[in-house]
Amino acid sequence: MIILRSFNDDDISTLKKNIFTDKSSEEIYSVLKEWNTFTFNGKYFEMLAIVEDDNVVGSVSLYQHNDYIISAGPEIFSEYRRNGYAYKAMKQACEYAKKQGYKIATAQIRKNNTASIRLHEKLGFVLDCELINKQGNEIYIYIKLL
């Protein structure tokens, strides 16, 4: 069974190993403080740790687009992939967002990310459109009614 929770100081070494390999512990601590303000660019944002048996296996981010749309993005650390964690975490994250009053979840997925496309389709997301994002990547936008 997995749980979602906020990241805390005890997670710094895990974050350094899996996400912020080029940052110092002090820099990661600053990122954690920023995450735990629950805002980004004036909108709701939450970065949640995906935890099984006290091991952080990945993260899922929630970012508000407006009063009823939120994006949800999972990342499973490489050593824990292909164990169903992303599916379980996204189900929980979508329920969490729904309880907060959001009506629609969106996901921006690179066109070549077959695993993420399959995951989102399994979760009930449907393809809305294709575009090129700010970084110049070809992406799909998937949406789901919560």
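One can find the structure itself at the top, above this paragraph.
As the structure is a computational prediction, the values presented were derived from the model and not from experiment. (Residues numbered from 1 in each chain as written. Predicted model: local features only at pLDDT ≥ 70, side-chain atom pairs only at ≥ 80, totals over all residues. Heavy atoms only, no water.)

### Thoughts on the packing of aromatic side chains
Any two aromatic rings considered together are summarised by their centre-to-centre distance and by the angle between their planes.
Link 1 in the chain: Using the criterion set out here, one finds seven aromatic pairs in the structure.
Link 2 in the chain: Centroid distance Phe 20 to Trp 35: 6.0 Å. Interplanar angle 40°. Geometry classified as tilted. A residue pair is termed long-range when its members are at least 10 positions apart, and Phe 20 in the loop between helix H1 (12–18) and helix H2 (25–35) and Trp 35 in helix H2 qualify at 15 residues.
Link 3 in the chain: The exposure class of Phe 20 is buried, given its relative accessible area of 13%.
Link 4 in the chain: When the ring of Tyr 140 is compared with that of Tyr 142, the centres are 6.2 Å apart and the planes differ by 90°; the resulting orientation is edge-to-face.
Link 5 in the chain: Note on Tyr 142: relative accessible area 2%, which makes it buried.
Link 6 in the chain: Taken together, Phe 7, Phe 20 and Trp 35 form an aromatic cluster joined through their ring pairs. (Phe/Tyr/Trp six-rings, centres within 6.5 Å; stacked < 30°, edge-to-face > 60°. Helix = DSSP H or I, 4+ residues; strand = E, 2+ residues; numbered from the N terminus. Buried < 20%, exposed > 50% of the residue type's maximum accessible area, 1.4 Å probe, protein only.)

### Examining the state of the cysteines
Link 1 in the chain: Inspection of the entire model under this criterion finds zero disulfides.
Link 2 in the chain: The structure places no disulfide on Cys 94, whose sulfur is separated from the nearest cysteine sulfur, that of Cys 129, by 18 Å.
Link 3 in the chain: In this structure Cys 94 comes out as buried when scored by relative accessible area, which is 7%. (Disulfide = S-S within 2.5 Å.)

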